[in-house]
Amino acid sequence: MTNLEQYHRILKTNLRAKEEDLNDDVLVYNRFPKWDSVTHVDMVSDLEEKFKITFKTLDITSFSSYSAGIEILKQLGVDMDDVSGQ
Amino acid sequence: MKFDVVQNGVRLFCRITGNGPLLLLIHGIGCDSGFFDETAAVLAEKFTVITYDRRGYGQSDRVEIDKPLCFGLREQVEDAAAILRYVNRGPALVAASSAGALIGLALVAEYPQLVRLACLHEPPILLTPKDARSIPEFDQWLDEMRMAGEKGSESRMLKSFIWAMGGVDPQAPATDLEQLQKNILYLKQFIDCEMAELFIDHTGTRELSEEIRRKYLQQADKVVVSVGSEDKEGIFHQTGKLLAGEMGFLLVSIPGFHNAAREQPFHYAMLMERLQRLIPKNQ
């Protein structure tokens, strides 16, 4: 499973989202029904654990949509095509 | 209306709104006076409501001239007292949420002439080692926050905070990402400074001094503890009940959780109205 797929799995599990929800039109903080601040913190924590990274304040608060999460992970050194996050 | 009060060189940002008996609201940790925005708007129909950013929070000063800001209980009580003196409308009903309750309780004990009644919502207060043993989760929470701070893990800090709030309020850490950014800063400040300075004498690590206990007991008829009816297992629901039982404070329950003062504005306002009616006319 690639890191992108791992990312998808974490989003789907925490947000109870479906495959077709995985885009910026749907997955937006405080707009998608389950994406509240508590779930947000849970997702950040799961991503940190999965990819062995640490989100700083700006990372946590910039993670506002599906693609924003991908950008932050890339900035933190996660290669989304790689399979190292398994 | 916004106004500033300068107390010992620290500028405190305050707001006053509404008409009626004076009501001072004191916020807890991980937030600023914005915590009360919605509730203050409801309360303003029946009360003259004062909210303020405690020192180090929101638009109040984060530093003292030439030295780090002190977050001690004494200083924060003086801040609240200074605001009430500045407004100069006689004694107030004081409603304090969570860690703000430490200040509310000490305020009524030190300055009973400024306070008609103090309502403490889910106070995180333990007075004795015996109390601490009966609610070990409190110390566990402080330890967890301390460790999160040492490791620089903001997600762990937030998770620990949410856990202490009962984990059931979706807006417990913040209402939006902008607020979350501020609240992360506030929680770091809590871990770095306020945890030790404000909570000293109230974490149950040693017996409360007889002098302070006597002061609290002398004002027992002026103190009410409220707890959220939906978080009976919550740490601060338990500390609130324990404090009320030990000190003989009136205990009331209102709908909601630890943050009922924010998430239940109408129920909280109703509680304030009821408490207002409890206060003797000559007080």
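Throughout what follows, the structure given in this document is the object of discussion. (Residues numbered from 1 in each chain as written. Chains lettered and ligands numbered in written order. Predicted model: local features only at pLDDT ≥ 70, side-chain atom pairs only at ≥ 80, totals over all residues. Heavy atoms only, no water.)

**Some remarks on the interface of chain A and chain B**
- The partner chain B presents 20 residues to the 20 residues of chain A that form the contact.
- Both sides of the chain A and chain B interface together cover about 1500 Å² of buried area, and 62% of this is carbon and sulfur.
- When the area that chain A buries against chain B is broken down by residue, the three leading residues are A:Val41, A:Thr57 and A:Thr61, summing to 33%.
- Along the contact surface separating chain A from chain B lie 6 residue pairs in polar contact (both at pLDDT 80 or more).
- Secondary-structure elements contributing two or more residues to the side of chain A that touches chain B are helix 2 (37-51) and helix 3 (57-62) of chain A.
- The element contributing the most residues to the side of chain A that touches chain B is helix 2 of chain A, with 8 residues. (Contact = heavy atoms within 4.5 Å. Buried area = accessible area lost by both parts, 1.4 Å probe. Polar contact = N/O pair within 3.5 Å; in protein donor to acceptor, adjacent residues only side chain to side chain. Helix = DSSP H or I, 4+ residues; strand = E, 2+ residues; numbered from the N terminus.)

**Focus: the side chain of B:Asp231**
Residue and element names in this part refer to chain B.
- Take Asp-231: it is sitting in the loop between strand 9 (223-228) and helix 9 (235-247).
- One polar contact links the side chain of Asp-231 to the main-chain amide nitrogen of His-258, over a distance of 3.2 Å.
- When near neighbours in sequence (up to four residues on either side) are disregarded, Asp-231 contacts Glu-122, His-237, Gly-256, Phe-257 and His-258.

**Focus: the pairing of strand 9 of chain B**
All names here are of chain B.
- With 6 of 6 residues buried, strand 9 is to be regarded as a mostly interior element.
- Because side chains alternate across strand 9, one face comprises the buried residues Val-223, Val-225 and Val-227, and the other comprises Val-224, Ser-226 and Gly-228, equally buried.
- Of the strand pairs in this sheet, strand 8 (residues 115-121) and strand 9 are connected by 4 bridges, and their pairing is parallel. By the bridge assignment, Cys-119 is partnered in strand 9 with Val-224.
- Of the strand pairs in this sheet, strand 9 and strand 10 (residues 250-254) are connected by 5 bridges, and their pairing is parallel. Bridging across to strand 10, Val-224 finds its partner in Leu-250. (Buried < 20%, exposed > 50% of the residue type's maximum accessible area, 1.4 Å probe, protein only. Pairing = 2+ DSSP bridges.)

**Re helix 2 (residues 73-87) of chain B**
- The end-to-end C-alpha distance of helix 2 of chain B, which contains 15 residues, comes to 21 Å, matching closely the 21 Å that a straight helix rising 1.5 Å per residue would cover.
- Of the residues making up helix 2 of chain B, those classed as buried are B:Leu73, B:Gln76, B:Val77, B:Asp79, B:Ala80, B:Ala81, B:Ala82, B:Ile83, B:Leu84 and B:Val87. (Expected span 1.5 Å × (residues − 1).)

**Concerning the side chain of B:Thr48**
All names here are of chain B.
- Relative to the elements of secondary structure, Thr-48 occurs in strand 4 (residues 48-52).
- With relative accessibility at 3%, the residue Thr-48 sits in the buried group.
- A distance of 2.8 Å separates a polar atom in the side chain of Thr-48 from the backbone oxygen of Gly-20.
- Apart from residues lying up to four places away in sequence, Thr-48 is in contact with Ile-16, Thr-17, Gly-18, Asn-19, Gly-20, Pro-21, Leu-22, Leu-23 and Arg-89.

**Re the pattern of salt bridges**
All names here are of chain B.
- As enumerated under the stated definition, the model contains 16 salt bridges over all chains in all.
- The closest approach of N and O atoms between Glu-194 and Arg-54, which form a salt bridge, is 2.5 Å. Of this pair, Glu-194 sits in helix 7 (residues 177-199) while Arg-54 sits in the loop between strand 4 and strand 5 (63-64), placing them 140 residues apart in sequence.
- For Arg-54, a relative accessible area of 0% gives the class buried.
- The closest approach of N and O atoms between Lys-215 and Glu-110, which form a salt bridge, is 2.8 Å. You can see Lys-215 sitting in helix 8 (residues 210-218) and its partner Glu-110 sitting in helix 3 (residues 100-110), a full 105 residues away along the chain.
- By relative accessible area, which is 40% here, Glu-110 ends up partly exposed.
- A single network of salt bridges, built from pairs that share partners, joins Asp-4, Arg-11 and Asp-61. (Salt bridge = Lys/Arg side-chain N within 4 Å of Asp/Glu carboxyl O.)

**Comments concerning the packing of aromatic side chains**
Residues and elements named next belong to chain B.
- As enumerated under the stated definition, the model contains 13 aromatic pairs over all chains in all.
- Ring geometry for Phe-138 against Phe-236: centres 6.1 Å apart, planes inclined by 85°, an arrangement best described as edge-to-face. A residue pair is termed long-range when its members are at least 10 positions apart, and Phe-138 in helix 5 (residues 136-151) and Phe-236 in helix 9 qualify at 98 residues.
- Take Phe-138: its relative accessible area is 1%, and that puts it in the buried class.
- Here the aromatic residues Phe-138, Trp-141, Phe-190, Phe-199 and Phe-236 are joined through ring pairs into a cluster of three or more.
- Taking the ring centre of Tyr-111 as reference, the NZ or CZ of Arg-85 above it sits at 4.8 Å. (Phe/Tyr/Trp six-rings, centres within 6.5 Å; stacked < 30°, edge-to-face > 60°. Lys NZ or Arg CZ within 6 Å of the ring centre and 35° of its normal.)

**What about the packing of helix 2 of chain B against helix 3 of chain B?**
Residue and element names in this part refer to chain B.
- Contact geometry of helix 2 with helix 3 gives a least axis separation of 9 Å together with a crossing angle of 70°. Judged by the angle between their axes, helix 2 and helix 3 are roughly perpendicular. The two elements helix 2 and helix 3 meet at a crossing, and its hand is right-handed. Every residue of helix 3 that contacts helix 2 at Leu-73, Gln-76, Val-77, Ala-80, Ala-81 and Leu-84 is listed here: Leu-102, Ile-103, Ala-106, Leu-107 and Glu-110. (Axes fitted to C-alpha atoms, helices over the stretch in contact; angles between N-to-C directions. Parallel < 35°, antiparallel > 145°, perpendicular 65-115°, else oblique. Left-handed = near helix turned anticlockwise from the far one by under 90°.)

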